[in-house]
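Structural description and commentary
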Amino acid sequence: MVNGDTNFYTTDLSRSWIVKAQRLMIDLVKPVLGFNELFSIGFNYVKEKYKFYERGHLEHRISMGPQTVETPFISLIEKRKLEASMILCIETPCYISGFGGFNIKDMILVTEDGCEVLTPLTPH
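Residues numbered from 1 in each chain as written. Predicted model: local features only at pLDDT ≥ 70, side-chain atom pairs only at ≥ 80, totals over all residues. Heavy atoms only, no water.

Scanning the protein for helices and strands turns up two helices and seven strands. Taken from N to C terminus, the helices and strands of the protein fall in the order β-β-α-α-β-β-β-β-β. Here the protein holds 124 residues, and 39% of them are scored as buried. Of all intrachain contacts in the protein linking residues separated by at least 6 positions in sequence, the fraction that spans at least 24 positions is 58%. Put simply, the protein shows about 6,900 Å² of open surface, and 58% of that area lies on carbon and sulfur atoms. (Helix = DSSP H or I, 4+ residues; strand = E, 2+ residues; numbered from the N terminus. Buried < 20%, exposed > 50% of the residue type's maximum accessible area, 1.4 Å probe, protein only. Contact = heavy atoms within 4.5 Å. Areas by Shrake-Rupley, 256 points an atom, 1.4 Å probe, with all protein chains shown as cover.)

Here is the structure:
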């Protein structure tokens with residue numbers, strides 16, 4: 001994992017094996033999609049393939065301070081809608097008890113008709 005600090009924005013990013021669910025979420029991002037709907041897209045994809053999968057959220061907004069996460073979280077309980085100009089971290093983490101964890105994260109900018117990936121140069 002790499003943590004970065006640039007002009008008071010702090011976040012993190014990582015790469016690993018659950019790429020398809022995370023890419024699916026990014027491909028379907030658009031304004032007016034609910035945070036909870038975006039969560040269901042990623043969670044259901046992983047849960048279908050890996051029955052053991054459990055996760056409360058699939059990430060967050062970037063932080064304006066020393067923390068790496070900020071609400072709203074991409075979760076079932078978050079009913080807000082995505083809006084153009086939001087910057088989000090999209091992640092489909094998977095932690096396997098007794099084994100370890102795997103993450104893939106990207107920062108995105110929600111645009112009027114989808115999103116722009118802000119971390120395109122990091123390998124997947």
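The next point concerns the packing of aromatic side chains. Given two aromatic rings, their pairing is described by the distance between the two centres and the angle made by the two planes. Taken as a whole and judged by the stated rule, the model has one aromatic pair. Between the aromatic rings of F39 and F43, the centroid separation amounts to 5.2 Å while the plane-to-plane angle is 15 degrees, which identifies the pairing as stacked. Residue F39 and its partner F43 are located together in helix α2 (residues 35-49), separated by four residues, close to a single helical turn. When sorted by exposure, F39 lands in the same class as F43, which is buried. (Phe/Tyr/Trp six-rings, centres within 6.5 Å; stacked < 30°, edge-to-face > 60°.)

Taken together, the buried positions of helix α1 (residues 19-28) are occupied by A21, Q22, M25 and I26. Looking down the long axis of α1, one finds its buried residues gathered within 135 degrees of arc, a one-sided arrangement. The exposed set on the far side of α1, more than 90 degrees from its buried face, consists of K20 and D27. In this structure, the buried residues of α1 make contact with α2, β3 (87-91), β6 (105-111) and β7 (114-117). (Arc of directions from axis to C-beta.)

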